[in-house]
Structures are given as C-alpha cells and as structure tokens.
Amino acid sequence: MCYHLKTNNGDTEAVIDDNCGISKFYSIAGTLTEGLKVQFLNQVDDSDTLDWDFKYKNIFLTLHYNIFNGVSILPQNKINRKKVNKAVEEVADYLQRNVY
C-alpha cells in the first residue's frame, strides 16, 4: 500500500487507497484500533460515505470512506495546522507499514 498526500487550503489529507471497497475501510479501522489503540468517538454511516472520528495524540482526525474516492485520513482541527498535518502523516505512515 502506498498513500499520497493532498493539501487544500493548508490542510493535509492522506489518501490511503483511492480505489478500494468497504472491506478495506474496516481493515484499516481495525489496524488503527489494534495498532495505535485509537477509539472511534463518532461514527457517521451513510449509504455511500463513512466518517469515523478518532483522537490520535490529542488531535482529532477522521477516517473517511467514500465509494467513489476510497479511504483517507482527514484533519478536523484547523487551528494548529502544522501539528495536525503532522499527525495525519504519522497515521498514514503507520498504515503504510501495517496494512497489506
């Protein structure tokens, strides 16, 4: 797996897999839960989109899935962009090493 970063208005999004099914989303969620010990705080499940919020190093992020765009990690906080963007990249790096 190889992710890529997209930056829009200073916010970094890590696109983990832009062509995958929902089973990959659940696999990634499991990897985050087991490996990084994150807890999903809020789960919004729509017919074609899933947004699961979690906290990593006291920074709120979202594991996002869309049937057209795949899986990505999105920042929630816009205040300390440098710190938040670094957290997005750390989670993406971890997933790159641990998701097959």
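Here goes a summary of the coordinates provided. (Residues numbered from 1 in each chain as written. Predicted model: local features only at pLDDT ≥ 70, side-chain atom pairs only at ≥ 80, totals over all residues. Heavy atoms only, no water.)

## Considerations on helix α1 (residues 22-35)
Consideration 1: Its 14 residues place the ends of α1 20 Å apart at the C-alpha level, agreeing with the 20 Å of an ideal helix rising 1.5 Å per residue.
Consideration 2: Within the span of α1, buried status applies to Lys24, Phe25, Ile28, Ala29, Thr31 and Leu32. Viewed along the axis of α1, the buried residues span an arc of 160°, placing them on a single side of the element. Along α1, the residues that are exposed and aim more than 90 degrees away from the buried face are Ser23 and Glu34.
Consideration 3: Against the buried residues of α1 lie β2 (11-17), β3 (40-45), β4 (49-56), β5 (59-66), β6 (70-75) and α2 (81-98).
Consideration 4: Positive backbone phi, approximately 60°, marks Lys37, located one or two places after α1. (Helix = DSSP H or I, 4+ residues; strand = E, 2+ residues; numbered from the N terminus. Expected span 1.5 Å × (residues − 1). Buried < 20%, exposed > 50% of the residue type's maximum accessible area, 1.4 Å probe, protein only. Arc of directions from axis to C-beta. Contact = heavy atoms within 4.5 Å.)

## Re unusual backbone geometry
Consideration 1: Even without being glycine, Lys37 reaches a positive phi, approximately 60°.
Consideration 2: Here Lys37 is to be found in the loop between α1 and β3.
Consideration 3: Its identity as a non-glycine residue notwithstanding, Lys57 has a phi of 50°, on the positive side.
Consideration 4: With respect to the helices and strands, Lys57 occurs in the loop between β4 and β5.
Consideration 5: Taking the relative accessible area as the measure of exposure, Lys57 reaches 55% and is therefore exposed.

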